[in-house]
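# Secondary and tertiary structure notes
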Amino acid sequence: MATSEPSALEEVEEEATAAASASTSRPSTASLLDRLRAPETTHLARPRKVLTNRKGTFKPPSSANAPKTRSAGLRTNQFPNDFLVVRSGRLFCEACRHEVSTVKSVIQVHIASKKHLEGKNTRAQSAAESKQLLLDGSNFLAKTKAEGTTLPDEVLVFRVKCLRTLLMSE
């Protein structure tokens, strides 16, 4: 599509060639490059402070749920008779069957709770029952004079429970 009007590019090229020919004949004439100016500086690029840590003043962010120096293992040693164990690096209450925070005040409140006390009593009764079953099983083995059999205590208690359940079902 041909147009009769010259494009902007053609106009710039004509001015450049005219200026070049004029500069050869007249040295005082400005060229196209002389008409272009450097961009003006803006005030947007202001000097900024670079944040740095001063020596000895850095404090890592603290978390209320995870104390810095107290581990779950240490808390189990501090509360030995409360059925607290470490599972996957976290503190777990076997009496209540749920996780507990490692914060000492939270543990103290948990230990004083009704649910924990009931769970603790249930576990104590279960332990006493297991001890009695262990005695029954070992007495039975002694009466039958079974030799060469060594069963772990847990297996013996389990077998006695199974026998009792079987005998009660008849």
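Only a predicted model underlies this, so the values are computations on that prediction, with no experimental measurement involved.

### Observations concerning the pairing of strand β2 (residues 90-93)
Two elements, strand β1 (residues 84-87) and β2, share 4 bridges in a ladder whose sense is antiparallel. Of the residues in β2, the one forming a bridge with R87 is R90. The antiparallel pairing of β1 with β2 creates a hairpin that spans 2 residues between the two strands, and S88 there sits at a positive phi of about 55°. By the bridge criterion, 3 bridges tie β2 to strand β3 (residues 98-100) in an arrangement that is antiparallel. Paired with C93 across the strands is H98, a residue of β3. Linking two consecutive strands that pair antiparallel, namely β2 and β3, is a turn of 4 residues; a positive phi of about 65° is found at R97 within it.

### Examining unusual backbone geometry
Even without glycine at this site, S88 takes up a positive phi of about 55°. Secondary-structure assignment places S88 in the loop between β1 and β2. Looking at S88, the relative accessible area reads 79%, which means it is exposed. The residue R97 is not glycine, and still its phi comes out positive at about 65°. Its place among the elements puts R97 in the loop between β2 and β3.

Calculation notes
- Residues numbered from 1 in each chain as written.
- Predicted model: local features only at pLDDT ≥ 70, side-chain atom pairs only at ≥ 80, totals over all residues.
- Heavy atoms only, no water.
- Pairing = 2+ DSSP bridges.
- Helix = DSSP H or I, 4+ residues; strand = E, 2+ residues; numbered from the N terminus.
- Buried < 20%, exposed > 50% of the residue type's maximum accessible area, 1.4 Å probe, protein only.

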